[in-house]
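What follows is the residue order along each chain.
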Amino acid sequence: MRFWPAPAAAITAQPRPQTPRALTHQIEEGYLVALSALRLSVKNGIIMRILRDGAAWDEQESADLARKAIDTLATELRTNAARLSDDSVSAAPSPRESRSALSKRDLARVRRKRDEAERLAARSRTLRGVVEKLEAARDDDTVVRDLAVRARDDTIGELMQARLIPRAEPVLLSEEEQRAAIAGVKADLQLLIDERTGY
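Scoring rules and cut-offs
Residues numbered from 1 in each chain as written. Predicted model: local features only at pLDDT ≥ 70, side-chain atom pairs only at ≥ 80, totals over all residues. Heavy atoms only, no water. Salt bridge = Lys/Arg side-chain N within 4 Å of Asp/Glu carboxyl O. Helix = DSSP H or I, 4+ residues; strand = E, 2+ residues; numbered from the N terminus. Axes fitted to C-alpha atoms, helices over the stretch in contact; angles between N-to-C directions. Parallel < 35°, antiparallel > 145°, perpendicular 65-115°, else oblique. Left-handed = near helix turned anticlockwise from the far one by under 90°. Contact = heavy atoms within 4.5 Å. Nonpolar A, V, L, I, M, F, W, Y, C, P; charged D, E, K, R; others polar. Core = buried A, V, L, I, M, F, W, Y, C linked by side-chain atoms within 4.5 Å. Buried < 20%, exposed > 50% of the residue type's maximum accessible area, 1.4 Å probe, protein only.

## Structural notes on the pattern of salt bridges
Close approach of charged atoms allows side chains with opposite charge to pair. Overall, the coordinates contain 16 salt bridges when judged by the stated rule. Between aspartate 106 and arginine 109 there is a salt bridge, with the nearest N and O atoms lying 3.0 Å from each other. One end of the pair, aspartate 106, and the other, arginine 109, are both in helix H5 (residues 104-138), three residues apart, so they sit about a helical turn from each other. Note that glutamate 175 and arginine 179 form a salt bridge whose closest N and O atoms lie 3.9 Å from each other. One end of the pair is glutamate 175 and the other is arginine 179, both in helix H7 (residues 175-197) and four residues apart, which spans about a single turn.

Following this line, the structure appears as structure tokens:
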């Protein structure tokens, strides 16, 4: 147990900021997230084709869906990267701000602005790297086919789960019974409103 105050250096010492992960690692993680989003997009496209158009599974059309999804996502990420790059430039301290910062508060503000500008620039670089990987994936038939087949398998799994959910026989009501049921629901809702509001 210490009976004397700690030295000032021990009190004011700030933890060292963690070094950012390597750019290649961040790009790899971003690419994995993008692939997951693409699988979901392709799966939704397949479901829409099956339910809306009544179309059967076609690997070539699913591959075209995958390429279109890749193009859409790459365009969106490219736009975000350009916006982040612009934000990085506007977030950085001006040369005049950096030169005139003399007090601790001003120096801390300049340092925060530099850190924010670097963070935004790093995110922009990461997104640009993900876009490059997506564009390479779009031209790789193996990756596109894998996206389409995995989306098909996910679709089949979801449809099978939906079929396995037990369903009760539909209850057929006459128009008069439907009106009475709706009136009962409205009466129950009015009771709940009255209990909540106290009127």
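## Notes on the packing of helix H2 (residues 23-53) against H5
Viewed as axis vectors pointing N to C, H2 and H5 meet at an angle of 55 degrees, and their least axial separation amounts to 8 Å. Between H2 and H5, the angle falls in the class oblique. In this structure, the crossing between H2 and H5 has a hand that is right-handed. Contacts between H2 and H5 involve Leu23, Gln26, Ile27, Glu28, Gly30, Tyr31, Ala34 and Leu38 on the former and, on the latter, Arg125, Thr126, Gly129, Val130, Lys133, Leu134 and Ala137. Grouping the amino acids of the contact of H2 with H5 by side-chain chemistry returns eight nonpolar, four polar and three charged.

## Topic: the nonpolar core
The nonpolar side chains of soluble globular proteins are, as a tendency, buried together. By size, the foremost hydrophobic cluster in this structure holds 25 residues, and its most contacted members are Leu38, Val42, Ile70, Leu73, Leu77, Val130 and Leu134. For this core, the secondary-structure elements that each account for two or more residues are H2, helix H3 (59-91), H5 and helix H6 (141-164). Broken down by element, the residue count for this core peaks at nine residues, all from H3. Once residues lying within four places of it in the same chain are set aside, the contact partners of leucine 134 are Tyr31, Ala34, Leu38, Ile70, Leu73, Ala74 and Leu77.

## Let's talk about the environment of serine 124
Its location among the elements puts serine 124 in helix H5. Separated by 38 residues in the primary sequence, serine 124 and aspartate 86 place their C-alpha atoms 9.4 Å from one another.

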